[in-house]
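Each chain, written out:
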Amino acid sequence: MGRRSSKPFWARDYKKAAYNRQYYRRKKAEQRISGIAGVAVIFGGIFAFSHFNGGHSSKSFPATPSLVHPAAAESSSGLETFDHYNPDFDCNVDHSKDSIATLLCENSNAAKHELIFDQTYYALRQIVGKAGWKTLKQQVISDDGALKACIDTSAPMQGTPKADPDCYISKMGEITDKYKTRLSGASLEEANRDINEHIKLQQQLINLGYMPAGSVADGVYGESTRAAIIKWQKNIGYHNPTGFLSDDDAPKLMASTSVVQASSKSAPEYTSSVAPTDKQESSKSFLWMIIVTVLVMAFIFFRHKIKKNEYEATWDLIRTEIYTQKKNLQIARTQKLTADAYGTVDVTKWVKEINYFINTRISPIISSRIQDEKRRDKLRAAAGVLIEQIASEPLQADTISTAYRSDPTVFDPRMDPFDYEQYCALILRNAGWDAQATKQSGDQGADVIAQKEGVKIVVQCKLYSGTVGNAAVQQVYTAKTHRGAQAALVVTNSTFSASAREAAATTGVYLIHHAQLADTADEIFRHFKYS
């Protein structure tokens, strides 16, 4: 026996057929408190729920008659005769587009034969066990194709075609007989029993307290009915209860008058000599709910605290990385922001550069520490704002010690190109190199020649307002060969063309901003000195 579904038996998920009293009472209690907010909802609702269930906490059920199968609704003699049968699904739901379902709701005899098949089907479910339920259901769905032959689709009419009740009864009988061939012994005896007898036996299980009060006796032996039969068989002394009601078991069950206590080896399942009061049960439930609520709130608090700490620690790492790369970001911004002939600034390349920096330097930090995608996106957005903020700051002017009598000492984009060469030479000197500008005449493309402990580099300096082309790369590469230098660099305050970068990739020439000159020269020195 199970909850009455809104679908015919062939379309239902039978794993959800069984139900119990506690499930529905819990649902009812939840509905009662659904309109209340806050912590009061939890405490008040649980108190009401505990009070509602407190009287039955010992699992003893009243012996008052419960609901009967809908088939008995039109009978004047209770469970003794049945004048009308309903199918094992809810006919109050609209089935107007389902010919078979409509037939079963309208034709009592057809519904009866569906219930007769259910007897055989549920007996097979008990035999194959849960492991075989899926396969059995697939077999039923496959055999259900035969019922489609009972639907009259030839008549030109509007709406859903009618199903022939005689055809349905005949086809259902054939399917039932087919499945009965797989039964034997007590299971076959049970399947051959009249549906009315099944309803009376099921009602007896309810009256005796083996099934929850309020259950509906519908003649369908689902999981809760099987469990009730097994409990009854154990209580009357069966050592190997089967869950089937054989022809010998049926009269014994009907003759039973009360629940028999279980043996001393197991605790009674439905009776208790001392039952706690409603007040005691309510107090215990209320106390436990307070404890559970406090634990849940503590768990939520500490979980939030841990996530907050992770977020803040990750942000600290991101800030450190951005400030470490501050000079490079400032240089990249000056190079990527360009203005057209009308003075309109194009930010496309700079935005692309920010995204590249975030994807390659920031995202790995975030992904390794933060799992929540929303927090990841929040950190990436914050990183983008900080990058724009520090990159917009002007590059710090490098002041060279006046001990050097070179001219000039501070970079200015308006300076003379030769002064720019002197400026680059001074940067290298301040970094420990023996650097000299080659005068205005140049030296085979080298504006500055610098040496440090046997490592020689040549530098071409380009003070530009436009883009430096590949000619500068070719010239400094020639100077490198001519001077026997280990490395060649092109230094500028501007940016480089694509052709210049291609030529540099082929020749190994370094293309840098003058703010990177000291660091790059030191990297070259360490490479050739210690490798």
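Here the structure is a predicted model, which is why all the values come from computation and not from measurement. (Residues numbered from 1 in each chain as written. Predicted model: local features only at pLDDT ≥ 70, side-chain atom pairs only at ≥ 80, totals over all residues. Heavy atoms only, no water.)

Asker: Can you walk me through the overall build of the chain in this structure?
Answerer: Secondary structure assignment for the chain yields 18 helices and nine strands. In the chain, once contacts between residues fewer than 6 apart in sequence are set aside, the share between residues at least 24 apart is 63%. (Helix = DSSP H or I, 4+ residues; strand = E, 2+ residues; numbered from the N terminus. Contact = heavy atoms within 4.5 Å.)

Asker: Before we go on, may I ask you to explain the confidence of the model for the chain in this structure?
Answerer: Close inspection of predicted coordinates is inappropriate in any region flagged by low pLDDT. Of all residues in the chain, 76% attain a pLDDT of 70 or more, and the chain-wide mean is 78. Counted against residues more than four places away or in other chains, residues 9-25, with its pLDDT under 50, gives 49 contacts. (pLDDT = per-residue confidence, 0-100.)

Asker: Even after reading the chapter, I still don't get the environment of C461, so can you show me in this structure?
Answerer: Here C461 is to be found in strand β5 (residues 455-462). Along the primary structure C461 and N493 are separated by 32 residues, whereas in three dimensions their C-alpha atoms are 9.0 Å apart. If sequence neighbours within four positions are ignored, C461 has contacts with Y420, E421, C424, D447, V448 and V491.

Asker: Explanation requested: the packing of helix α4 (residues 108-128) against helix α5 (residues 133-143) in the structure shown.
Answerer: The angle between the axes and the distance between the axes are what describe a pair of packed helices. Where α4 contacts α5, the axes come no closer than 9 Å and their chain directions differ by 150°. Judged on the interaxial angle alone, α5 and α4 are roughly antiparallel. Considering only the axes of α4 and α5, their crossing is right-handed. Of α5, the residues touching α4 (which contributes F117, Y121, L124, R125 and V128) are W133, L136, K137 and V140. Residues of the contact of α4 with α5, tallied by class, amount to seven nonpolar, no polar and two charged. (Axes fitted to C-alpha atoms, helices over the stretch in contact; angles between N-to-C directions. Parallel < 35°, antiparallel > 145°, perpendicular 65-115°, else oblique. Left-handed = near helix turned anticlockwise from the far one by under 90°. Nonpolar A, V, L, I, M, F, W, Y, C, P; charged D, E, K, R; others polar.)

Asker: Got a minute to help me understand unusual backbone geometry in this structure?
Answerer: The general pattern is negative phi for most residues beyond glycine and trans for most peptide bonds. Look at E453: it is not a glycine, yet its phi comes out positive at around 50°. Residue position: E453 is located in the loop between β4 (448-452) and β5.

Asker: Please explain α5 as it appears in this structure.
Answerer: Residue pairs spaced three or four apart in an α-helix point in one direction, given the helix's 3.6 residues per turn. W133, L136, V140 and D143 are the residues of α5 that are buried. For α5, the angular spread of buried residues about the axis comes to 90°, placing them on one side. Counted as exposed and oriented over 90 degrees from the buried face of α5: K134 and S142. Its buried side turned inward, α5 meets α4, α6 (165-180) and α9 (223-235). (Buried < 20%, exposed > 50% of the residue type's maximum accessible area, 1.4 Å probe, protein only. Arc of directions from axis to C-beta.)

Asker: Before we go on, may I ask you to explain the environment of C167 in this structure?
Answerer: Its place among the elements puts C167 in helix α6. Here C167 falls in the buried class, since its relative accessible area comes to 18%. Between the C-alpha atoms of C167 and A149, which are 18 residues apart in sequence, the distance is 8.1 Å. The contacts of C167, once residues within four sequence positions are left out, are A149 and C150.

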